[in-house]
There are 2 protein chains.
Amino acid sequence: MDIQRKDVHNSETPVLCRACESRHRGVCGALTPDQLLQLSRHSTRRAVESGTELVGESLKTTSYSNIISGVVKLSKMMADGRQQIVGLQFAPDFLGRPFRSENGVSAEAATEVKVCSFPKAAIERMISEMPELEHKLFEQTLAELDEARDWMLTLGRKTAGEKVASFLLLIATHAFPDNESDSVTFDLPMSRTDIADFLGLTMETVSRQLTKLRKDDVIHILNNRHVSVPDLSRLSERAGS
Amino acid sequence: MDIQRKDVHNSETPVLCRACESRHRGVCGALTPDQLLQLSRHSTRRAVESGTELVGESLKTTSYSNIISGVVKLSKMMADGRQQIVGLQFAPDFLGRPFRSENGVSAEAATEVKVCSFPKAAIERMISEMPELEHKLFEQTLAELDEARDWMLTLGRKTAGEKVASFLLLIATHAFPDNESDSVTFDLPMSRTDIADFLGLTMETVSRQLTKLRKDDVIHILNNRHVSVPDLSRLSERAGS
DNA sequence: CGTGTCCTTGATAATGCTCAAGGAGCGTGG
DNA sequence: CCACGCTCCTTGAGCATTATCAAGGACACG
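Note that this is a predicted model, so its numbers are computed, not measured. (Residues numbered from 1 in each chain as written. Chains lettered and ligands numbered in written order. Predicted model: local features only at pLDDT ≥ 70, side-chain atom pairs only at ≥ 80, totals over all residues. Heavy atoms only, no water.)

Teacher, can you tell me more about the environment of A:Thr173 here?
Residues and elements named next belong to chain A. For threonine 173, the location among the structural elements is in helix 6 (residues 160-175). Judged by relative accessible area, threonine 173 falls into the partly exposed class, the value being 43%. Considered as a pair, threonine 173 and glycine 26 are 147 residues apart in the sequence and their alpha carbons are 18 Å apart. (Helix = DSSP H or I, 4+ residues; strand = E, 2+ residues; numbered from the N terminus. Buried < 20%, exposed > 50% of the residue type's maximum accessible area, 1.4 Å probe, protein only.)

This is the structure in structure tokens:
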């Protein structure tokens, strides 16, 4: 074994973490290689298929995760079965409600999802020891709150057409956060029913509004899931600014 | 001057802070008397009347505040004037978006409001020096996120009747957080128009639903603003659990 | 080739919105 | 003290948007 590597203060970044986005844009960016190594000893990486429940609405959570790839939907359900998706999470978001075992939302993989999971206790210990880590989580939570409030405007005040356009815009920008051009092509990470549950509409209304956008040449649809937007600014107009 | 007081390590709690709820349930609970004293030197306390704008939607903020009493509404507006209230804040909530000068919501006093304001720089310095303070703010932000997501379910999936009942329940529980009995009486902190903007409805629909609840004897209304709920569980049923 | 899932489209119904009129409370000024 | 003007709220009638119910199309998989 390479002695030099072992001896330097900044020990080597764990292999698993090297190509991980969480180390750059996510919460692990707050950790030194030493700490990363310590945490990685307790972490398990796994891929789950679309539809898997990652966190139950009233289940006690025993672990937290970083999303490595894929899309996770957070949802709430009423006693009679009505459902509302209250947020989408993308890599490299941190998944889980800190400081509380029960969080009132369920998390389900919307696409195939790769996660890196840690035991609750390990994370909580590191949070209490490292203000930098807590700060990162705080920043993410503030961003989620901003997004939740944006979406409240969409849910409460936009028309069906504006809602669907807003959703497409949301996916387009999150799928390609640093897209500079005015056109994008992407796969929708969710079914019509899921989109409806996110927008507070029915599946039929979502379908009709997508058809309308297609007929007005704002979007092109191939194979139900595959969408291309030739001019983002035209879509943006439809979203009601 | 009393020398003993001056010399003890834990100096005296500032007069202004003594009866303040923020010191117990709010963010100031994270501060020692020494730190409180330091902060209180920069703080200004003032009362503003209902309707005053405390934070502009795209204005750069120069100060943060603790709400001492009253209700603050956070809202977003679309270019064409459609408005959505995205949150209500009560004493002893902290008002302001940390780490960003522009926060995308405007804050307006819904009732007469008393606030204790601090310069942005002073708070940010204390946050960076005191993990405990940041932790308190983080906890409040998480609670706000939970509430925002609860409200998303209300906005997206509940009927007009359920929305109005949910609103009354929200006010009843926040006005008297430790009420044990099954009946409550309170004043609504906002107009019908504001309630409509919070629920994603029109003023007329809110009015009709209130009338319906009154005719069904779920609530009693005196003088438009004054409401009494004889049986909270019956109201809760109307809110769709 | 059948069966299943997901999506689209159509016809009809219902919920909530728009427009309109009028009532209640309140401060102001005659 | 009362009339007025004002704001806020209620109520009604008709309408628009979206939901519901139903049928059928596209595609995948056995």
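Further notes follow.
I'm lost on the interface of chain A and chain B in this one. Help?
Interfaces are often sized by the accessible area lost when the parts come together. Listed per partner, the contact involves 45 residues of chain A and 45 residues of chain B. Across the interface of chain A and chain B, roughly 4100 Å² is buried in total on both sides, 62% from carbon and sulfur atoms. Across the contact surface, chain A and chain B share twelve salt bridges. Among the salt bridges present, the one from B:Arg149 reaches A:Glu144, with a minimum N-O distance of 2.8 Å. For the interface between chain A and chain B, the tally reads 22 residue pairs in polar contact (both at pLDDT 80 or more). When residues of the side of chain A that touches chain B are traced back to their parent elements, those giving at least two are strand 4 (71-77), strand 5 (83-90), helix 5 (131-157) and helix 7 (192-199) of chain A. Residue contributions to the side of chain A that touches chain B peak at 21 residues, all from helix 5 of chain A. Each residue belonging to the side of chain A that touches chain B can be placed in one class, and the counts come to 21 nonpolar, ten polar and 14 charged. (Contact = heavy atoms within 4.5 Å. Buried area = accessible area lost by both parts, 1.4 Å probe. Salt bridge = Lys/Arg side-chain N within 4 Å of Asp/Glu carboxyl O. Polar contact = N/O pair within 3.5 Å; in protein donor to acceptor, adjacent residues only side chain to side chain. Nonpolar A, V, L, I, M, F, W, Y, C, P; charged D, E, K, R; others polar.)

How do you make sense of the protein's contact with DNA strand D when you look at a structure like this?
Residues in close proximity to DNA strand D total 18 residues, the closest being A:Thr205, B:Arg192, B:Ser207, B:Arg208 and B:Thr211. Across the atoms of DNA strand D situated within 4 Å of the protein, the share located in sugar and phosphate is 63%. Contact between DNA strand D and A:Ala160: a phosphate oxygen at 2.9 Å from a main-chain N or O atom of the residue. A:Glu204 has a polar side-chain atom sitting 3.0 Å from a base nitrogen of DNA strand D. When residues of the surface near DNA strand D are traced back to their parent elements, those giving at least two are helix 8 (203-215) of chain A together with helix 8 (203-215) of chain B. Tallying contributions element by element places helix 8 of chain B first for the surface near DNA strand D, with six residues. A per-class count over the surface near DNA strand D returns three nonpolar, eight polar and seven charged. (Near = heavy atom within 4 Å.)

How do you make sense of the packing of helix 5 of chain A against helix 6 of chain A when you look at a structure like this?
All names here are of chain A. Contact pair helix 5 / helix 6: the axes reach a minimum separation of 9 Å and the direction vectors enclose 155 degrees. As summarised for this structure, helix 5 and helix 6 are arranged roughly antiparallel, according to the angle between their axes. Viewed along their axes, helix 5 and helix 6 form a crossing whose handedness is left-handed. Facing helix 5, whose interface residues are Glu147, Trp151, Thr154, Leu155 and Arg157, helix 6 presents Glu162, Lys163, Ser166, Phe167, Leu170 and His174. Partitioning the contact of helix 5 with helix 6 into residue classes produces four nonpolar, three polar and four charged. (Axes fitted to C-alpha atoms, helices over the stretch in contact; angles between N-to-C directions. Parallel < 35°, antiparallel > 145°, perpendicular 65-115°, else oblique. Left-handed = near helix turned anticlockwise from the far one by under 90°.)

How should I be thinking about the relation of the copies chain A and chain B in this particular structure?
With an RMSD of 0.0 Å, chain A superimposes on chain B once it is rotated by 180 degrees and translated 0.0 Å along the axis. Such a combination of rotation and displacement between the chain copies is what one expects of a two-fold axis. (Least-squares fit on C-alpha atoms with pLDDT ≥ 70 in both.)

Whenever I open this one, the pattern of salt bridges confuses me. Can you help?
Pairing between side chains of opposite charge can happen when their charged atoms approach one another. Residues and elements named next belong to chain A. The tally for this structure, following the rule as stated, stands at 25 salt bridges over all chains. Between aspartate 194 and lysine 73 there is a salt bridge, with its nearest N and O atoms 2.9 Å apart. With a gap of 121 residues between them, aspartate 194 in helix 7 and lysine 73 in strand 4 connect regions that are remote in the sequence. No difference in accessibility class separates aspartate 194 from lysine 73, as the two residues are buried. Salt bridges linked by common partners bring Lys73, Glu108 and Asp194 together as one network.

Just checking my understanding: could you explain the nonpolar core for this structure?
In summary, soluble globular proteins display a tendency toward joint burial of nonpolar side chains. The biggest cluster of nonpolar side chains holds 103 residues, and the ones touching the most others in it are A:Leu88, A:Phe167, A:Leu168, A:Leu235, B:Leu88, B:Phe167 and B:Leu168. With residues near it in sequence (within four places) discarded, A:Leu88 still touches A:Val71, A:Val72, A:Lys73, A:Phe167, A:Leu170, A:Ile171, A:Met190 and A:Phe198. Of all hydrophobic cores here, the second largest spans 42 residues; its members include A:Ala30, B:Cys116, B:Met126 and B:Leu142. (Core = buried A, V, L, I, M, F, W, Y, C linked by side-chain atoms within 4.5 Å.)

Where do I start with the side chain of A:Asp146 in this structure?
Its place among the elements puts A:Asp146 in helix 5. Residue classification places A:Asp146 among the buried positions, given a relative accessible area of 18%.

I'm lost on the protein's contact with DNA strand C in this one. Help?
Taken together, 18 residues lie near DNA strand C, and A:Arg192, A:Ser207, A:Thr211, B:Ala160 and B:Thr205 sit nearest. Contacts to DNA strand C include B:Glu204, whose side-chain N or O atom sits 3.1 Å from a base nitrogen. Among the elements of the structure, helix 8 of chain A together with helix 8 of chain B are those that each provide at least two residues to the surface near DNA strand C. No other element matches the six residues that helix 8 of chain A contributes to the surface near DNA strand C. Considered class by class, the residues forming the surface near DNA strand C number three nonpolar, eight polar and seven charged.

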